Structures are given as structure tokens and as C-alpha cells.
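# Observations on the model geometry
The primary structure of each chain is shown beneath.
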Amino acid sequence: MKIFYNDILTNEKREKLFSREKISNEELYSVIQPILNDVKKNGNNAVLKYAKKYDNYDSSQILITNKELKSAANKIDTELKKVINKAYTQIYKFHKCQKPKNYKIQTIAGVTCRREFFSIENVGLYIPGGNTVLISTMLMLGIPAKIAKCKRIVVCSVVKDNEINSGLAYAALKCGVNEFYAIGGAQGIAMMAFGTETIKKVDKIFGPGNQYVTAAKNLVSIDDDGCIIDMPAGPSEVLIIADEFADPCFIAADLLSQAEHGNDSQVILLTTDEKLITKVTEAITKQLKILPRNSFAENSLKKSFILLVNSIKEAVALSNNYAPEHLIINTKNAVKVSSQIKNAGSVFIGAYSPESAGDYTSGPNHSLPTNGYAKATGGVSVESFLKPITFQTLTKRGLKRISNTVIKLAEAENLEAHANAIKIRL
């Protein structure tokens, strides 16, 4: 990892240092748009063509039947089944408290308004299954969908060698998945967004993926025939704030746990202690040697950095401006420091709160905003699977009470028909 000193950085260099790697959307979209158009026009034939081309999928069936899903789930390792059950319980416990309450209020005598939440009936969950099968993502998306009581929960995920992962199958059934399709990539997103002869289109798509999946999600969200998505997602990222009290081995492990996600992941360490920098880099070198995915981690580290700052306050300001997906605070007064955080996807407080705990089982969702979007939005939640509808009832007397306000505002905007809709009733 490159090492920098905040004292000697110009504002321009600092801004460049914290900038995310830019991906050429124009180039990506030129590859993905034809796939989406093909699936929209030719349905299953196009889906199977791209599944074979990109994922070596050679079956003519895209739907994994409930019987096949149960058969795969029955092959699950006993220990894996236990830990999935435990993770499910903890994630469910945290998310069930998120369900918002309906409310009703009289804004003025004779004018009654209410807001009610309804589940999104048809949701599509994209579960990465390429380099590694993310069982945890199935739980993180399936559990809030189940709590929200979505009528139809559809899953798309690459199936390797025509055999579904037993852990993924078990987790899907536990989350109440209705339909499971052995399709990933842009073709999987297109299939859910537009529908085919086999699958009815969904109303909203959730889930992370590589840059091609992300591009597909972005494009279907602006297509008149497509659907909305949870959020734009970029490469995974973690920022750590640490002082002289932090264990360098802990810091190194946390940086590497994020770096191994992929070549484009970004990891950052902000510290007030120059000695810690040396110790962390030594620990990284040592731990990196034993990681199976060390090539991914190494490439990620080349694009990442350590920055020496003068104070924790300075580090917090830089972090809030960067708005990381994951923020780890490993300092003496971590709880106090956390109270100053304004922008982050999820915050991990103290030496014994690694980001990997949040990825799997502590409770909060691991589908979080990247690319600085944490300045404006949070991660996936039960609310993400719900939609609010407002209702209003006015009596004649209530309408009369607000009539002058409506008429004058409408006339000020030169919208006479709006004003007349009030006048004609009175």
C-alpha cells in the first residue's frame, strides 16, 4: 500500500487520492445494451445464448424447480446448516425492527391524511455465483423481503456445472424464495427486468454484482420497459480510522478481508501513529502469503493507501467527506469517535468489531452504498421492499377551510384548472 502524509498533500492531490477509480460507462454500456435488447426481443433463446457464452451453461432449462432446490438443500453439510440458521436468526432479529408504522393525522379540521406501507409484490434478487457463491447475500436480501411479505421472491444466480450450491439452495428456501433461475450476468438482470416466456417481470431488482451486472441494473432502471433497482453499486470499499492503541494485526486483517473481494476493491487506513504504519504493512505481507485469493488482494492493495493524519478529528473529517461503504473505528475512544460520523454505509466500532462480522451475521445488512452514495442513502433494509401510499379524505367543510390557500397558489402558478377544481365544489 502506498503511504502518504496529510500535512504535505495539496488539496488537489488529496482529492485525487480519495477519488474512486472511474469506470467508462459508455464502454460498458456499449457491451451490455445489446444483451438487454436481445433478451427483451428474443426472451429465453437470448438468455440461454449468453448464459452459455459467458457462464458455460449448457442446459436448456433456466428454472430450478422447487423439487431440485429441496434436493440440493438436503445435501448441505450439517455444520454449514447450523451456521446458516444462526446467521438467519441474528439478521432476522435486527431487520424485523425496521418495519415502519402506518399513521393517520388530521392536518386541519375536516382534512384527514394517512400513510400506509405495502410490500412490493414482485422482487428480484441477484446473488453473485461466479468466483464465489455468496450465501450471505441470499440471507441479506431474502430476509428483509420475507419480513416485508413480498408476494413473489425471484432469485437469479449463476449455477456452476448445472448443480446448485447446497448452502445457497438451503438459504433460499429458508427465505421463502418462490422462483430460482440458474442465470447470472447481464442476461439474468434483463430476464428479471423485462420478463421472458418463462419468467414474469419483477418490480424491483436488488443485489450486488460485477461491473457488467451493475451496468445492466443501471440501464434497466432507465428503460421504459424495465424496473427500478435498489441502488447503484460500485467496487467494495473499507476505510479504517486507527490510533496507537490499535493492534496492527487486526488492522491488516481488516484491510485484507475487504481487498480479497476483487481487483477493484479499495481499502484505506487513516492513522495518527506513524509506527503503526510500519507494523501494519509488515502484518499485511505476512498474512497475504496464506490467503487463497491473494492475487485479488494484491491488485486491490496497489490501488489503496495509508494516510498519516495529525488527529482523529482530521481523520473523521476526511472519512465523512469520502463516505465509505464500510467504516472501522479502531481507537481508544471508539464510541466517542463514532458519534462524529455523518456519512458511512455501516460503522464498526472498536477493536473487536471487524467488518466481516457485518458481512455475515452480526445483524445489519451488508448490501450498502458505495462510491460516496452513503452521503445520501443507506443500505438495503425492510423498507427497501416496501412502498408507502398516502391517502387523504376531505369533508366539504374541510375543503372550504383550505380553499383559499389552494386557489391563490394555483392562480400564482397560472394553473386555473387547479383552482377551478376547488371553486366548482364550493
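Refer to the structure presented above.
Residues numbered from 1 in each chain as written. Predicted model: local features only at pLDDT ≥ 70, side-chain atom pairs only at ≥ 80, totals over all residues. Heavy atoms only, no water.

The element strand S11 (residues 266–271) is largely enclosed, with a buried count of six among its six residues. In S11, alternate side chains face the same way, and those of Gln266, Ile268 and Leu270 on one face and Val267, Leu269 and Thr271 on the other are all buried. With six bridges connecting them, strand S10 (residues 237–242) and S11 associate as parallel partners. Residue pairing in the sheet places Glu237 in a bridge with Gln266 of S11. Following the backbone out of S10, through helix H10 (residues 248–259) and into the adjacent parallel S11, one traces a crossover that is right-handed. Pairing of S11 with strand S12 (residues 305–308) involves four bridges; the strand directions are parallel. (Buried < 20%, exposed > 50% of the residue type's maximum accessible area, 1.4 Å probe, protein only. Helix = DSSP H or I, 4+ residues; strand = E, 2+ residues; numbered from the N terminus. Pairing = 2+ DSSP bridges. Right-handed = clockwise from strand over helix to strand, strands pointing away.)

Quick look at the packing of aromatic side chains now. By the definition in use, this model includes seven aromatic pairs. An angle of 15° between the planes, with centres 3.9 Å apart, marks the rings of Phe206 and Phe385 as stacked. Highlighted residues: Phe206 in strand S8 (residues 204–206) and Phe385 in the loop between helix H15 (355–360) and strand S15 (386–394), separated in sequence by 179 residues. When sorted by exposure, Phe206 lands in the same class as Phe385, which is buried. A network of ring pairs unites the aromatic residues Phe4, Phe18, Phe305 and Tyr322 as a single cluster. The ring of Tyr322 has Arg20 sitting right over it, with the charged end atom 3.7 Å from the ring centre. In this arrangement the basic side chain of Lys174 is found over the ring face of Tyr88, its NZ or CZ atom lying 4.7 Å from the centre. (Phe/Tyr/Trp six-rings, centres within 6.5 Å; stacked < 30°, edge-to-face > 60°. Lys NZ or Arg CZ within 6 Å of the ring centre and 35° of its normal.)

Before going further, it helps to examine empty space enclosed by the protein. Using the criterion set out here, one finds one cavity of 30 Å³ or more in the structure. In this model, the largest cavity occupies a volume close to 30 Å³. Residue lining of the largest cavity: His326, Ser346, Phe348, Glu355, Gly358, Asp359, Pro364, Asn365, His366 and Leu368, and that is the complete set. Split by residue class, the lining of the largest cavity holds three nonpolar, five polar and two charged. (1 Å grid on protein atoms, 1.4 Å probe; cavity = no way out; pocket = protein on both sides within 12 Å on 5 of 7 lines; lining within 4 Å. Points joined across faces, edges and corners; volume = space filled by probe spheres on them. Nonpolar A, V, L, I, M, F, W, Y, C, P; charged D, E, K, R; others polar.)

As a further point, take helix H9 (residues 211–221). Burial runs high along H9: eight of the eleven residues are buried. Along H9, the residues that are buried comprise Val213, Thr214, Ala215, Ala216, Lys217, Asn218, Leu219 and Val220. Considering only its buried residues, H9 is in contact with helix H2 (25–42), strand S5 (122–126), helix H8 (185–194), S8 and strand S9 (228–229). N-cap assignment for H9: the residue whose side-chain oxygen lies 3.0 Å from the backbone N of Tyr212 is Asn210. (Contact = heavy atoms within 4.5 Å. Polar contact = N/O pair within 3.5 Å; in protein donor to acceptor, adjacent residues only side chain to side chain.)

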